[in-house]
Amino acid sequence: MKDEVNNYGDNAIQVLEGLEAVRKRPGMYIGNTHVAGLHHLVWEIVDNAVDEALAGYCDDIEVSIEPGNIVTVKDDGRGMPTGINEKTGLSTIETIFTVLHAGGKFGGGGYKVSGGLHGVGASVVNALSDFLEVYVYREGEIHFQRFENGGKPVEPMKIIGECDKNRTGTTVKFHPDPTIFETTEYDFNILSKRLQEMAFLNKGIKILLTDLREEPKKEVEYIYNGGIIEYVNMLNKNNTVLHPDVIFVEGKSDDISIEVACQYNTSYQSQIYSFANNIHTPEGGTHEDGVKQALTRVINAYGKNAKILKDSDESLTGEDVREGLTMIISCKHPNPQFEGQTKTKLGNSEVKKIGSDIFAEGFERFLMENPDQAKLIVEKSILASNARIAAKKARELTRRKSDLDVSNFYGKLSDCKSKDPKECEIFLVEGDSAGGSAKKGRDSMTQAILPLRGKILNVEKARLDRALSNEEIRTIITAFGTGIGDDFDLSKLRYDKIVIMTDADVDGSHIRVLLLTLFYRFFKPIVEAGHVYAAQPPLFSIKYGKNVTYALDEAELKTKLSEIPGNVKPIIGRMKGLGEMDADELFDTTMDINKRVLRKITVDDAMAADEIFTTLMGEEVEPRRKFIEEHAEYADLDI
Ligand code: 0RA
């Protein structure tokens, strides 16, 4: 008995050294201690509950956030084991929550699939919490243990009461340690989006999210019996679909399972999202490569066989067969290898063939069984192929044209003198009159000006070949220097900053959205690398005595006015448009690198950006009307 007590103490000390390592370098375990890392704590605990659900023992998961950002994750699984762990001499519960890497797998058996990036376990969450409590309901008893201060057990696990004999499950409650995290404020939208994704990827699991921090409480519930088929339906809801059925293929080989759901829409974009063990893999990997390869192969073979594709036709490329495709790929692997810059690329080489074989078989069967839908798909790919060939010709023309027709091009662009891209910026300016002022006012060493006449083409509704026939777009491509489509090369970008300078009115924001659509669809790496900015011309000018100052908005106006001495009376002006400022004013307020405010345009989340552009700029009218109605407060201010 005495020995047991001593053992308990020895083990506990070793264990705490492990948790101390997590607290010293939290980034190694959860990426960072900002917003993403904070939410990572929830994913860790939810992953464990989802694993229990995937093992077939749980179908209800409840996540709630209480005032003070206390998080509770409750499941109705078997309940964590409550016995003594032989290796550690501690209760299994204490082992799970205090021994590094003991989490998630619970000592072999059971789990074939668990998180790859995640799955570092409950102990990491405990180490980074100022308190954590576990309740396990099993065999009519409630087992309980509380940890404080980075995972230190307050006392060993104990039984604190009785429960219904039939009730089983695990509840984990924790609060992130504010001395570790820059912020401890949970974001409802981040939580709900990821939990919805989990529900799509794991069909039939019910996930309830409740936010009790404010009255009235917010609550969302996700359950998708159709799994990723319903995910594709949601992604396509703002598009016109090309064919009625979502194509679904699943299969398994050597404990590796693959599920694919896809459906074409009439747009020219593709949305392909892949996951490995429920983790989004935006960098792709072998699961995605295999499925894409099969898609191209099967459509070409079917098209030729069914005589839709003529023998003399060029083969359809991957790009051709993916135009307008919305697809979810979900792979579950007992031992996933994550690679790539952000460790979000699946590396297991065997998955490529497995994914390709499984998808090819199921997809081919779909085409055979549904010849009408198959015909629409092949014909769409042929149109994309024709457009690609036309775009290539047009690009070649653009290239030649820009060599010959430089005078016309340079008539529009006032380039800067410096040829060092790092210090160069280009202003895309709405209208000739503002363009004129910008040309006069600029620092001609580093600032280039390209005035844009009128509205540019909405590329959401046009293929590359049509975009290339648009003069304004051609000028932009030539100015950037990167080329477009297959020729695109980010390293050739001639400017570090691309600044969109439009008026602060409805026309201005429309032009801004059109430009952003162009950049997002045709120059995505430029946006992703953070080269795109919006200029912020001021709304107010404040004159007092001989001084002039400017304010971006009402809030800044108030501050600036309060700084003016009481005995001086300011005469406040509302700035109308860029075109009405003279060259000095425009430089002073909007372009001078020492004074101006620029807003960087970022795409943290490609899925959300895709959805917004489809909604705002796409074919369907109804979703756009709804979006504008829902965002009516902002609509006339900014988009
Ligand atoms: C392994 C075995 C058993 C339950 C669990 C794991 C389990 C773990 C978690 C984590 C969150 N919720 C959970 N629910 C269950 C049960 C083994 C037995 O019946 O003794």
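In this text the structure is predicted, and so the values were computed from the model without any measurement. (Residues numbered from 1 in each chain as written. Predicted model: local features only at pLDDT ≥ 70, side-chain atom pairs only at ≥ 80, totals over all residues. Heavy atoms only, no water.)

Participant: It is not clear to me how the site of the ligand should be interpreted in this structure. Could you clarify?
Facilitator: Around the ligand sit 11 residues, and of these Glu 52, Asp 75, Gly 79, Met 80 and Arg 138 come closest. In this structure, a nitrogen atom belonging to the ligand sits 2.7 Å away from a side-chain N or O atom of Asp 75. In the model, an oxygen atom of the ligand is placed 3.1 Å from a nitrogen or oxygen of the Arg 138 side chain. Within the complex, 80% of the 460 Å² of free accessible area of the ligand lies under protein. Looking at side-chain class alone, the shell around the ligand contains 4 nonpolar, 3 polar and 4 charged residues. (Near = heavy atom within 4 Å. Polar contact = N/O pair within 3.5 Å; in protein donor to acceptor, adjacent residues only side chain to side chain. Areas by Shrake-Rupley, 256 points an atom, 1.4 Å probe, with all protein chains shown as cover. Nonpolar A, V, L, I, M, F, W, Y, C, P; charged D, E, K, R; others polar.)

Participant: I would appreciate a short explanation of the sheet that holds strand β22 (residues 547–551) in the present structure.
Facilitator: The strands making up a sheet are joined through hydrogen bonds of the backbone, oriented either antiparallel or parallel. Taken together, the 3 strands give an open sheet; going across it, the order is β22-β21-β23, and neighbouring strands pair in antiparallel fashion. Of all the strands in the sheet, the pair left with one neighbour each is β22 and β23 (571–574). Strand-to-strand, the axes of this sheet are offset by a mean angle of 20 degrees, without reference to chain direction. (Pairing = 2+ DSSP bridges. Helix = DSSP H or I, 4+ residues; strand = E, 2+ residues; numbered from the N terminus. Axes fitted to C-alpha atoms, helices over the stretch in contact; angles between N-to-C directions.)

Participant: Please explain unusual backbone geometry as it appears in this structure.
Facilitator: A negative phi angle characterises most non-glycine residues, just as the trans form characterises most peptide bonds. A cis geometry characterises the amide bond from Glu 215 onward to Pro 216, with omega recorded as -10 degrees. The phi dihedral of Lys 307 is positive, around 60 degrees, even though this residue is not glycine. In this structure, Lys 307 sits in the loop between α8 (286–305) and α9 (318–322). Assessed through its relative accessible area of 70%, Lys 307 is described here as exposed. (Buried < 20%, exposed > 50% of the residue type's maximum accessible area, 1.4 Å probe, protein only.)

Participant: Help me understand the sheet that holds strand β20 (residues 532–535), please; the structure alone is not making it clear to me.
Facilitator: Read across the open sheet, the 5 strands follow the order β18-β17-β19-β20-β24; overall the sheet is mixed. Sheet topology places β18 (447–452) and β24 (598–600) at the edges, where each strand pairs with a single neighbour. If you compare each strand with its neighbour and ignore which way they point, the axes differ by 25 degrees on average. Across 3 bridges, the pairing between strand β19 (residues 497–501) and β20 is parallel. Each bridged residue has a counterpart across the sheet, and for Ile 498 the counterpart in β20 is Val 532. Here helix α13 (residues 432–441) sits on the sheet and contacts β17 (425–430), β18 and β19; the angle it forms with β18, its principal contact strand, is near 170 degrees. (Contact = heavy atoms within 4.5 Å.)

Participant: Can you walk me through the pattern of salt bridges in this structure?
Facilitator: Pairing between side chains of opposite charge can happen when their charged atoms approach one another. In total, this model carries 36 salt bridges according to the counting rule given. Here Glu 66 ties to Lys 173 by a salt bridge, and the two come within 2.9 Å at their closest N and O atoms. One end of the pair, Glu 66, is in strand β1 (residues 60–66); the other, Lys 173, is in strand β7 (residues 169–176), with 107 residues separating them in the sequence. Salt bridges sharing common partners tie together Glu 133, Arg 146 and Glu 148. (Salt bridge = Lys/Arg side-chain N within 4 Å of Asp/Glu carboxyl O.)

Participant: Is there a simple way to explain the confidence of the model for the protein in this structure?
Facilitator: Segments scoring low in pLDDT should not have their predicted coordinates read at a detailed level. The share of residues in the protein with pLDDT of 70 or more is 90%, and the mean pLDDT across the chain is 88. pLDDT under 50 marks residues 103–119. Its contacts with residues more than four places away, or in other chains, come to 45 contacts. (pLDDT = per-residue confidence, 0-100.)

Participant: Looking at this model, I keep getting lost on the packing of helix α6 (residues 188–201) against helix α7 (residues 228–235). Mind explaining?
Facilitator: Describing two packed helices takes the angle between their axes plus the distance from one axis to the other. Taken N-terminus to C-terminus, the directions of α6 and α7 make an angle of 130 degrees; their axes are 7 Å apart at the nearest point. In this view, α6 runs oblique relative to α7, as classed from their interaxial angle. Listed contacts from α7 to Gln 196, Glu 197, Phe 200 and Leu 201 of α6 are Ile 228, Glu 230, Tyr 231 and Met 234. Among the residues making up the contact of α6 with α7, the classes are represented as 5 nonpolar, 1 polar and 2 charged. (Parallel < 35°, antiparallel > 145°, perpendicular 65-115°, else oblique.)

Participant: Got a minute to help me understand the packing of aromatic side chains in this structure?
Facilitator: Two aromatic rings, taken as a pair, are described by how far apart their centres are and by the angle between their planes. Counted according to the given criterion, the structure contains 12 aromatic pairs. With a centroid separation of 5.0 Å and an interplanar angle of 55 degrees, the aromatic rings of Tyr 135 and Phe 144 are classed as tilted. When sorted by exposure, Tyr 135 lands in the same class as Phe 144, which is buried. Their ring planes at 5 degrees and their centres at 4.4 Å tell us that Phe 200 and Tyr 231 sit as a pair that is stacked. With a gap of 31 residues between them, Phe 200 in helix α6 and Tyr 231 in helix α7 connect regions that are remote in the sequence. Directly above the aromatic system of Tyr 57 lies the positively charged group of Arg 78, at a separation of 3.8 Å from the ring centroid. (Phe/Tyr/Trp six-rings, centres within 6.5 Å; stacked < 30°, edge-to-face > 60°. Lys NZ or Arg CZ within 6 Å of the ring centre and 35° of its normal.)

Participant: Is there a simple way to think about the packing of α13 against helix α19 (residues 583–591) in this case?
Facilitator: The geometry of α13 relative to α19 is characterised by a closest axis approach of 8 Å and an angle of 80 degrees between their N-to-C directions. Judged by the angle between their axes, α13 and α19 are roughly perpendicular. Only Ala 583, Leu 586, Phe 587 and Met 591 of α19 make contact with α13, whose side of the interface consists of Ala 434, Ser 437, Ala 438, Lys 440 and Gly 441. Of the residues that constitute the contact of α13 with α19, the class distribution is 6 nonpolar, 2 polar and 1 charged.

Participant: I tried to follow the pairing of strand β9 (residues 218–222) on my own but got confused; where do I start?
Facilitator: Working note: regular strand, side chains alternate between the two faces of the sheet. Bridging between strand β8 (residues 206–211) and β9 involves 5 bridges; their strand directions are antiparallel. Among the inter-strand pairings, Ile 207 is bridged to a residue of β9, identified as Tyr 222. Following β8, the chain reverses through 6 residues before pairing antiparallel with β9.

Participant: Any chance you could explain α7 here in plain terms?
Facilitator: An α-helical turn contains 3.6 residues, so a residue and the one three or four places further along point in the same direction. Along α7, the residues classified as buried are Ile 228, Tyr 231, Val 232 and Leu 235. For α7, the angular spread of buried residues about the axis comes to 95 degrees, placing them on one side. (Arc of directions from axis to C-beta.)

Participant: Is there a simple way to think about α19 in this case?
Facilitator: Looking at α19, one finds that the buried residues are Ala 583, Leu 586, Phe 587, Thr 589, Thr 590 and Met 591. Where α19 is buried, its residues contact β17, α13, β18, β19, β20 and β22. The backbone nitrogen of Asp 584 has a side-chain oxygen 3.1 Å away, supplied by the residue at the start of α19, namely Asp 582.

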